[in-house]
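Working through the structure, step by step
Below, each chain spelled out in residue letters.
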Amino acid sequence: MLTCPLCASADTAFIHRDARREYHRCRRCALVFVPPAFRLGPEEERAVYDQHENSPDDPGYRRFLSRLFDPLRERLAPGARGLDFGAGPGPTLSVMFEEAGHPMAIYDPFYAPDARVFEQTYDFITATEVVEHLFAPGEELVRLVDRLRPGGWLGVMTKRVTGREAFARWHYILDPTHVAFFSEATFRWLADERGMSVEFPAADVALLRKA
């Protein structure tokens, strides 16, 4: 029996297999995940990320990030301080928030691995197109929530699971670095577990607020 990498429950079940991998679903938190045997190694994973060409000079990428940026910025006090977790090879969301008057720190395990950022606390933390890559989403999300000040926001952008049949046809599972798939039910479980509220301002955005 596989253990869920988000909630550590052993109550999981196989739901799908494609040409390369298996996918299992947790009955407790509803996370769909790829078993460890099907994950890429760090060098293979880094090679995929090195192909990304995201840049703050790309207006299309800024429009994409605005799905999280706009609703989160509306909820922030002037000068609120943030952390962009999983900033990638071309940090852009942090630039957008800095342009809006919000001091930012960045972290990425491959491109900005300075773990000293976790010695501080923040008014908000963003994770855009990140949580689907996490081998241990439970540990990482607890760490992020712990770094939030009271009333702080965790903004997550990731495409959400809608159902088993749609999952089998979903392009999102074709990326070999995507190993954890969240649904609204998963985010609601996480919010309840951590004593947070949750909002869904867009189809791929969840905003969780610390009490």
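Structure: see above.
My aim in this report is to walk through the structure given alongside it, one point at a time. Fair warning: this is a prediction, and the values are worked out from it, not measured in the lab. (Residues numbered from 1 in each chain as written. Predicted model: local features only at pLDDT ≥ 70, side-chain atom pairs only at ≥ 80, totals over all residues. Heavy atoms only, no water.)

**Describing the overall build of the chain**
Of regular secondary structure, the chain possesses six helices and 10 strands. Relative to the compact-globule value of 17 Å for 211 residues, the chain shows a C-alpha radius of gyration of 17 Å, a close match. By its C-alpha atoms, the chain is 45 × 40 × 30 Å across when sized along the principal axes. Within the chain, buried positions represent 49% of all 211 residues. (Helix = DSSP H or I, 4+ residues; strand = E, 2+ residues; numbered from the N terminus. Rg over C-alpha atoms; globule rule 2.2 N^0.38 Å. Buried < 20%, exposed > 50% of the residue type's maximum accessible area, 1.4 Å probe, protein only.)

**Section: the sheet that holds strand β10 (residues 205-210)**
Read from one edge of the open sheet, six strands run β5-β4-β6-β7-β10-β9, paired in mixed fashion. Looking along the sheet, the strands with just one partner apiece sit at the ends: β5 (104-107) and β9 (196-202). Strand-to-strand twist across the sheet, computed as the mean angle between neighbouring axes with direction ignored, equals 20 degrees. Note that strand β4 (residues 82-85) and β5 share four bridges and pair parallel. By the bridge assignment for β5, Gly82 is matched with Met104. Its contacts with the sheet place helix α2 (residues 59-74) against β6 (122-128), β7 (148-157), β9 and β10, and it is angled at close to 155 degrees to β7. (Pairing = 2+ DSSP bridges. Axes fitted to C-alpha atoms, helices over the stretch in contact; angles between N-to-C directions. Contact = heavy atoms within 4.5 Å.)

**Section: the pattern of salt bridges**
Taken as a whole and assessed by the stated rule, the structure comprises 12 salt bridges. With a closest N to O distance of 3.0 Å, Arg17 and Glu22 form a salt bridge. Glu199 is paired through a salt bridge with Arg75; the nearest N and O atoms lie 2.7 Å apart. A residue pair is termed long-range when its members are at least 10 positions apart, and Glu199 in strand β9 and Arg75 in the loop between α2 and β4 qualify at 124 residues. Overall, Glu199 belongs to the partly exposed group, its relative accessible area being 29%. (Salt bridge = Lys/Arg side-chain N within 4 Å of Asp/Glu carboxyl O.)

**Side note on the pairing of β4**
The alternating pattern of β4 places Gly82 and Asp84 and Leu83 and Phe85 on opposite faces, both of which are buried. Taking the sense of rotation as the criterion, the β-α-β connection linking β4, helix α3 (residues 93-99) and β5 turns out right-handed. Alignment of β4 against β6, held across three bridges, turns out to be parallel. The residue bridging Leu83 from the neighbouring strand is Ile125, located in β6. (Right-handed = clockwise from strand over helix to strand, strands pointing away.)

**Some details on the layout of surface pockets**
A water-sized probe, rolled over the atoms, reveals where empty space remains. In this structure, the largest pocket occupies an estimated 680 Å³ of space. Around the largest pocket, the lining is made up of 34 residues, and of these Tyr49, Asp108, Glu129, Val130 and His133 lie nearest the centre. The set of elements that each furnish at least two residues to the lining of the largest pocket consists of α1 (42-49), α2, β4 and α4 (137-146). No other element matches α2, which puts three residues into the lining of the largest pocket. When its residues are assigned to classes, the lining of the largest pocket shows 16 nonpolar, 10 polar and eight charged. (1 Å grid on protein atoms, 1.4 Å probe; cavity = no way out; pocket = protein on both sides within 12 Å on 5 of 7 lines; lining within 4 Å. Points joined across faces, edges and corners; volume = space filled by probe spheres on them. Nonpolar A, V, L, I, M, F, W, Y, C, P; charged D, E, K, R; others polar.)

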